[in-house]
Amino acid sequence: MAQIKLPDLASPRFKADPHPLYARLRAEAPVYRARAFFLPAWIVTRYDDVLVVLKDQRFSKDFTSRMPWIPQSIHALTRNLLSLDPPDHTRLRALVNKAFTPSVADRLHARIQSVCDELLDAAAAEGSIDLVGGFGLPVPLTIIGDLLGVPRQDRRPFAAWTKLIAAGGSGGVVDLLRGLTGMWLCGRYLRKLAERRRAEPEDDLVTALIRAEEAGDKLSEDELISMIGLLLLAGYETTVNLIAGGALALIEHSQQLEMLRDNSNLAESAIEELLRYTSPADFASPRIAREDVALAASRIPRGSLVLASIGSANRDESQFRDPNTLDIAREPNRHLAFGIGAHFCVGAALARLEGRIALTTLFRRFPRLRLAVPRESLRWRRSMLFRGLRQLPVVW
């Protein structure tokens, strides 16, 4: 194995530009032994090998069983679609699939557009906006809040809690404690919300999940809480990163932005390319090797934690021509931003729609949009699994 000293993969400095390291790992040590989440782990970086980890049943999603320090009081929030194998995963996925179909997402088009317009109307008079806190966050948070029936006044606290949760696996003890605190606060609130919906049902997804029945099987109390928590986190966390990171990429590639402005037919392929180029989820959720697995001339021992780098796979030279070039007309574009196989992101259609409407509306309204601060002053969030900006101040 090549002697490559890994930096802190969750650090803001690394997240600012992870791709030189990923390129070296792909070339010299595509399956690299390291540590993550306080455990020995294997980092997988080549596209074809990442595909194996994401699809092969020799890799289990039940990684929480390797983390005995998680308190029982918040254990419910760790047992969700991201940490379950069939048949439990199959059963739970069937219960929520109907809520996130492309046709359901399409019906939300007008609502997403109105939210974008309201936010940008308010910003227009100011002449500036933070595309993270003032746009990228409130758009998907409003939509998933509407879908789930979370009262408006409760949505901002959720954003704070889920930031703690997202950073909780970054590798430090303080991050872990903060993440566990975020999970406890989130779980306590969700149980109260579920109690209210049982007593006073409404036309929202929480009520639908309470009533859900597929093949005679319903969600248990813990499964319900875990599912709501996952939908809230996954319902906006990566979309915030897509909107802000996508905006930054287009600002930095003015010719690509002009192409998008001149040809609205490129909107869908542009979102696919921004998903590939920015990789809002830098790593897939962890897997555990069920048995010894040979991968890229390495042997991953049974029981090992395995982390597949989506960000690296999406820049793999063997799969993508000129992978470090932003090309909004790229075809084909078999990126892995939403995963693949049985665990393909259930909210992919909604995230694509939100990203497309948000970014096309933003640059249509403000064609002179530019950074309000020097590029080198931008800071990235601390997170192992996600890659997103802390702030993105712009002017026009």
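For the structure, see preceding data.
Note that the coordinates shown come from a computational prediction; the quantities given were computed from them, not determined experimentally.

**Side note on the overall build of the chain**
Across its full length, the chain carries 16 helices and ten strands. Since a compact globule built from 396 residues should have a radius of gyration of about 21 Å, the 20 Å found for the chain is in line with a globular shape. Overall size of the chain, expressed as C-alpha extent along the three principal axes, is 60 × 55 × 40 Å. In the chain, buried positions account for 57% of the 396 residues. Sequence separation of at least 24 residues holds for 72% of the intrachain contacts in the chain that already meet a minimum separation of 6. Accessible surface computed for the chain: about 17,200 Å², of which carbon and sulfur atoms make up 51%.

**As for the side chain of His 19**
Looking at the secondary structure, you find His 19 in helix 2 (residues 19-28). The exposure class assigned to His 19 is buried, which follows from its relative accessible area of 11%. Not counting the four nearest positions on each side in its chain, His 19 is found in contact with Tyr 277, Gly 311 and Arg 315.

**A short note on the sheet that holds strand 9 (residues 370-371)**
Ordered by their spatial adjacency, three strands build an open sheet running 4-10-9, and the pairing between neighbours is antiparallel. The open sheet has two edge strands with one neighbour each: strand 4 (128-130) and strand 9. The pairing of strand 4 with strand 10 (residues 393-395) spans three bridges and is classified as antiparallel. By the bridge assignment, Asp 130 is partnered in strand 10 with Pro 393.

**Focus on the side chain of Thr 239**
Tracing the backbone through its elements, the reader meets Thr 239 in helix 12 (residues 221-252). Contact partners of Thr 239, with chain neighbours within four places excluded, come to Pro 140, Ala 351 and Glu 354.

**Quick look at the nonpolar core**
Counting 86 residues, the largest nonpolar core has Phe 135 and Leu 392 as the members making the most contacts within it. It is helix 12 that contributes the most residues to this core, 17 residues altogether. Discounting residues that sit within four places of it in the chain, Phe 135 has contacts with Cys 116, Leu 119, Leu 120, Ile 129, Asp 130, Pro 140, Ile 243, Ala 358 and Leu 362. With 23 residues, the next largest nonpolar core counts Phe 14, Tyr 22, Phe 37 and Leu 39 among its residues.

**Topic: helix 2**
Within the span of helix 2, buried status applies to His 19, Leu 21, Tyr 22, Leu 25 and Arg 26. For helix 2, the buried positions fall inside an angular range of 155° around the axis, keeping them on one side. Facing away from the buried side of helix 2 by more than 90 degrees, the exposed set consists of Pro 20 and Ala 27. Where helix 2 is buried, its residues contact helix 1 (12-16), strand 1 (31-36), helix 14 (267-278) and helix 15 (310-313).

**Brief notes about the packing of aromatic side chains**
On inspection of all chains with the given rule, the structure shows five aromatic pairs. On the basis of an interplanar angle of 80° and a centroid distance of 6.3 Å, the ring pair of Tyr 22 and Phe 283 is categorised as edge-to-face. Here Phe 283 lies in the loop between helix 14 and strand 5 (287-289) and Tyr 22 lies in helix 2, a separation of 261 residues in the sequence. The interplanar angle of 15° and the centroid separation of 3.8 Å between the aromatic rings of Phe 366 and Trp 396 together place this pair among those described as stacked. Placement of the pair is Phe 366 in the loop between helix 16 (348-365) and strand 9 and Trp 396 in the segment after strand 10, with a sequence separation of 30 residues. Taking relative accessible area as the criterion, Phe 366 reaches 6% and is therefore assigned buried. Assessed through its relative accessible area of 23%, Trp 396 is described here as partly exposed. The positively charged end of Arg 315 is found above the aromatic ring belonging to Tyr 277, 4.2 Å away from the centroid.

**What about the pattern of salt bridges?**
Within this structure, the stated rule accounts for 24 salt bridges. Across the pair Arg 382 and Asp 8 runs a salt bridge whose closest N-O atoms are separated by 2.8 Å. Separated by 374 residues along the polypeptide, Arg 382 in the loop between strand 9 and strand 10 and Asp 8 in the segment before helix 1 bring together distant segments of the chain. The class of Arg 382 is partly exposed, set by a relative accessible area of 25%. Measuring nitrogen to oxygen at the nearest pair gives 2.9 Å for the salt bridge that ties Asp 146 to Arg 155. Judged by its relative accessible area of 28%, Asp 146 is partly exposed. One network of salt bridges, in which partners are shared, links Arg 191, Arg 198, Glu 221 and Asp 222.

Each value, and the rule that gives it
- Residues numbered from 1 in each chain as written.
- Predicted model: local features only at pLDDT ≥ 70, side-chain atom pairs only at ≥ 80, totals over all residues.
- Heavy atoms only, no water.
- Helix = DSSP H or I, 4+ residues; strand = E, 2+ residues; numbered from the N terminus.
- Rg over C-alpha atoms; globule rule 2.2 N^0.38 Å.
- Buried < 20%, exposed > 50% of the residue type's maximum accessible area, 1.4 Å probe, protein only.
- Contact = heavy atoms within 4.5 Å.
- Areas by Shrake-Rupley, 256 points an atom, 1.4 Å probe, with all protein chains shown as cover.
- Pairing = 2+ DSSP bridges.
- Core = buried A, V, L, I, M, F, W, Y, C linked by side-chain atoms within 4.5 Å.
- Arc of directions from axis to C-beta.
- Phe/Tyr/Trp six-rings, centres within 6.5 Å; stacked < 30°, edge-to-face > 60°.
- Lys NZ or Arg CZ within 6 Å of the ring centre and 35° of its normal.
- Salt bridge = Lys/Arg side-chain N within 4 Å of Asp/Glu carboxyl O.

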